[in-house]
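Examination of the molecular architecture
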Amino acid sequence: MRHFIIVAVLVAIVTAIVTFGLESAQLLPPVASAEGQQVDRLFGLHIQVIAFLFSLIVVFMVYSIVVFRRKRGDTGDGANIHGNTKLEIAWTVAPLAAVLFFSFLGARQLADITAASPDEMVIEVTAQQFAWRFDYPEYGISSAELNLPQGRQILFKLTATDVIHSFWVPEFRVKQDAVPGKTTTLRVTPTETGQYKIRCAELCGTGHHSMLATVNVMQPADFEAWVAQQTAPQPSATGSELGAQIAQLQGCIGCHSVDGSQRVGPTWLGLYGTQEALEDGSSVLVDEEYLQQSILDPAAQITKGFPNVMPPTYKDSLSQEEVAALVEYIKSLGEE
Ligand code: CUA
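Going along each chain's sequence as written, the residues are numbered from 1 onward. Restriction of local features to residues with pLDDT of at least 70 applies here, the model being predicted, together with a cutoff of 80 or more for giving and counting side-chain atom pairs; totals for whole chains, interfaces and linings are based on all residues. To get the side-chain values, take all heavy atoms of the structure and skip hydrogens and water.

1. Thoughts on the layout of surface pockets
Rule in force here: A pocket, in this scheme, is an open set of points on a 1 Å grid over the protein atoms alone with protein on both sides within 12 Å along at least 5 of 7 lines, while a cavity is a set where a 1.4 Å probe fits but cannot get out; residues line either one if an atom lies within 4 Å of a point. Grid points are joined across faces, edges and corners, and a volume is the space filled by probe spheres set on the points. In this text, helices come from DSSP runs of H or I with a minimum length of four residues, and strands from runs of E with a minimum of two, each type numbered from the N-terminal end. Ten residue types, Ala, Val, Leu, Ile, Met, Phe, Trp, Tyr, Cys and Pro, are classed as nonpolar, four, Asp, Glu, Lys and Arg, as charged, and the remainder, Gly among them, as polar.
Space inside the largest pocket adds up to approximately 590 Å³. If you trace the largest pocket, you find 17 residues lining it, with L53, L56, W91, A94 and P95 closest to the centre. Secondary structure elements with two or more residues in the lining of the largest pocket: α2 (34-67) and α3 (85-113). Counted by class, the lining of the largest pocket contains 16 nonpolar, one polar and no charged residues.

Okay, structure coming up:
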């Protein structure tokens, strides 16, 4: 009996220490959504149970090793023990009850954080290799950055044009796959203003690591101002300016930088007018004709040192004028 009391006290102490250690390790960034707060509460409960089970096993094991070790000169056999029915029932029923309890909590919480609120705003998310695009049907806005008003529930409707991606903002905690050919949903209520990163949480190809976008959570008034600015009648862009907008929305800049940095595809900075070395050993002058051909039929000529991964879908998704505007834009980034 004395041993059990000592072990119980030790288990309680070690549980407290391990819980404190895990909680102060800050495994996740600060939470920034209402749904995330619920996720964190459940996660915190899990951590306490994990700490308790860890302590239970390790304290019993270490205590037995130290206290019941073989005495010097003792060469006899240990006691012959044949199981313990009560103990076996206990260690079957207790974990079963714990798992059922957590599945009840989890199911209730899942229903809670996926429930619709009456004033939710729909945002359509389109994922493609290797960029995100956001459409606000309520306002007729398309954007490569995600701007959200603080405190209003957002219903994300996600889809993908090529392979499976996954929409994840660690500060929001919740995550959802974007799957070609179907629409998945995710609800988020941002609670903290600030700037966060959207990550792709599904290995989707060569540029997976760089499939990032910015999310700005704004005061509702700032969000209204942004919407007003986006929906104000603007002189319609032409030429390279239009090309720059298309490059954003179509996700071109997910793979082609405009500042000379290295991504999945060749940078556009200083590209126009150069001689480009190709995989097959030949080289080609980067002129309008070559750029147009590379957008419409990317696999025809592959630049040396780059993978052949550009989607062949732009000949369907871009109009002739849009291709021309893109070429104009790339040309404007060329050598002076
Ligand atoms: Cu998209 Cu990983």
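2. Here we look at the packing of helix α5 (residues 239-249) against helix α8 (residues 320-332)
We apply this condition: Throughout, an axis means a line fitted to C-alpha atoms (over the contacting stretch in the case of helices), and angles, computed between N-to-C directions, take values from 0 to 180 degrees. Each angle receives one of four descriptions, namely roughly parallel if under 35 degrees, roughly antiparallel if over 145, roughly perpendicular if within 65 to 115, and oblique otherwise. Every residue pair with non-hydrogen atoms within 4.5 Å of one another is taken to be in contact.
Orientation of α5 relative to α8, taken along the N-to-C sense of each, is 100°, at an axis distance of 7 Å. By the angle between their directions, the pair α5 and α8 is classed as roughly perpendicular. Of the residues in α8, those in contact with G239, S240, L242, G243, A244, I246 and A247 of α5 are E322, A325, L326, E328, Y329 and S332.

3. Some points on the pairing of strand β5 (residues 154-160)
Heads up, the condition is: Three exposure classes are used, based on accessible area relative to the maximum for each residue type with a 1.4 Å probe and protein chains only: buried under 20%, partly exposed in between, and exposed over 50%. Note: two strands are recorded as paired if DSSP finds a minimum of 2 bridges between them.
Of all seven residues in β5, five are buried; the element is thus mostly enclosed. Across seven bridges, strand β1 (residues 121-128) lies against β5 in parallel orientation. When the sheet's bridge partners are listed, I123 is paired in β5 with F156. As judged from the five bridges shared by β5 and strand β8 (residues 184-188), these two strands associate in the antiparallel manner. Counted as the bridge partner of F156 is L186 from β8.

4. Focus on the domain arrangement of the chain
Spelled out, the test is: Note that domain bounds follow an automatic or database assignment of domains. In the sections that follow, a salt bridge refers to a side-chain nitrogen of Lys or Arg positioned within 4 Å of a carboxyl oxygen of Asp or Glu. Polar contacts, as counted here, are pairs of nitrogen or oxygen atoms within 3.5 Å of one another; within protein the pair requires one atom able to donate a hydrogen and one able to accept it, and residues that are adjacent in sequence qualify only if both atoms are side-chain atoms.
By the assigned domains, the chain splits into domain 1 (1-54 + 92-115), domain 2 (121-231) and domain 3 (239-335). Distance from the C-alpha centre of domain 1 to the C-alpha centre of domain 2: 31 Å. At the interface, 15 residues of domain 1 touch 13 residues of domain 2. Linking domain 1 with domain 2 are one salt bridge, by the criterion used here. Ionic pairing is found between D40 and R173, a salt bridge with its closest N-O pair at 2.7 Å. Between the two partners, domain 1 and domain 2, sit 10 residue pairs in polar contact (both at pLDDT 80 or more). Here the side of domain 1 that touches domain 2 gets six residues from one element, more than from any other, and that element is α2. Residues belonging to the side of domain 1 that touches domain 2 are distributed by class as follows: nine nonpolar, four polar and two charged.

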